[in-house]
Amino acid sequence: MDNELRLAPGGAGFRISNPPPLLCATLEASLKVFLDARMSRVRAKSKLLTGYLEALLIRSRCSDKLKILTPNDPEQRGAQLSLFILGDAEKVINDLQRRGAVCDLRRPNVLRIAPMPLYNSFHDVFRFVTLLDESLSTVLSQ
């Protein structure tokens, strides 16, 4: 027996017979959070958070600088909204990240925003829209 790792081809190569205990402990803790929270409650909060995000965006002072692409029916969307930025989205996301916000850019002009029901609050959503307003005003007025 040598000390050279020889993985099976494909996905089977990532299987291990004895997973490391520390990884199992974190996985078990994560699964416990989902079991305790119950998916029906997680989804209900997700709908509320995303609906709140949508309402704030529609009423924001910079609503004329973006377009919500995601369907407004909560049954036709998940937890994220896709926003088409009417301007340089790359500069907007860089400014948002500098301000501490976390979101995703799909080039050329789409920001994806996803409030996560297990750890984001309504205040987090409000704060994000405030940051987005500031970023859009700063970046797109230059």
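Look above for the structure.
Residues numbered from 1 in each chain as written. Predicted model: local features only at pLDDT ≥ 70, side-chain atom pairs only at ≥ 80, totals over all residues. Heavy atoms only, no water.

> What am I meant to see in the overall build of the chain here?
Along the backbone of the chain there are four helices and four strands. When the helices and strands of the chain are placed in sequence order, the string is α-α-β-β-α-β-β-α. On C-alpha atoms alone, the chain measures out to a radius of gyration of 20 Å, which is more than a quarter above the 14 Å that the 2.2 N^0.38 rule sets for 142 residues. Seen through its C-alpha atoms, the chain measures out along the principal axes to roughly 65 × 35 × 25 Å. The buried share of the chain, taken over its 142 residues, is 31%. Sequence separation of at least 24 residues holds for 65% of the intrachain contacts in the chain that already meet a minimum separation of 6. For the chain, the exposed area adds up to about 9,600 Å²; of that, 59% sits on carbon and sulfur atoms. Positive and negative charge centroids in the chain, built from 20 and 15 side chains respectively, lie 3 Å apart. (Helix = DSSP H or I, 4+ residues; strand = E, 2+ residues; numbered from the N terminus. Rg over C-alpha atoms; globule rule 2.2 N^0.38 Å. Buried < 20%, exposed > 50% of the residue type's maximum accessible area, 1.4 Å probe, protein only. Contact = heavy atoms within 4.5 Å. Areas by Shrake-Rupley, 256 points an atom, 1.4 Å probe, with all protein chains shown as cover. Lys, Arg positive; Asp, Glu negative; His and termini not counted. Charge placed at Lys NZ, Arg CZ, Asp CG, Glu CD.)

> In this structure, what is going on with the side chain of Ser 46? I would like to understand it.
If you trace the backbone, Ser 46 turns up in helix α2 (residues 39-59). With sequence-adjacent residues up to four places away left out, Ser 46 is seen in contact with Ala 79 and Pro 117.

> I tried to follow the packing of aromatic side chains on my own but got confused; where do I start?
In this description, a pair of aromatic rings is defined by centroid distance and the angle of the planes. This model, assessed by the stated rule, comprises one aromatic pair. For the ring pair Tyr 52 and Phe 122, a centre distance of 5.6 Å and an interplane angle of 65° mean the geometry is edge-to-face. Highlighted residues: Tyr 52 in helix α2 and Phe 122 in helix α4 (residues 122-140), separated in sequence by 70 residues. What makes Tyr 52 partly exposed here is its relative accessible area of 29%. According to the relative accessible area criterion, Phe 122 is partly exposed, its value standing at 36%. (Phe/Tyr/Trp six-rings, centres within 6.5 Å; stacked < 30°, edge-to-face > 60°.)

> Could you clarify how one ought to interpret unusual backbone geometry in this entry?
For the bond from Arg 107 to Pro 108, the omega torsion is 10°, close enough to zero to count as cis. Tracing the backbone shows Pro 108 in the loop between β3 (104-106) and β4 (110-113). Although it is not a glycine, Arg 38 adopts a positive phi angle of roughly 65°. With respect to the element layout, Arg 38 can be found in the loop between α1 (21-37) and α2.

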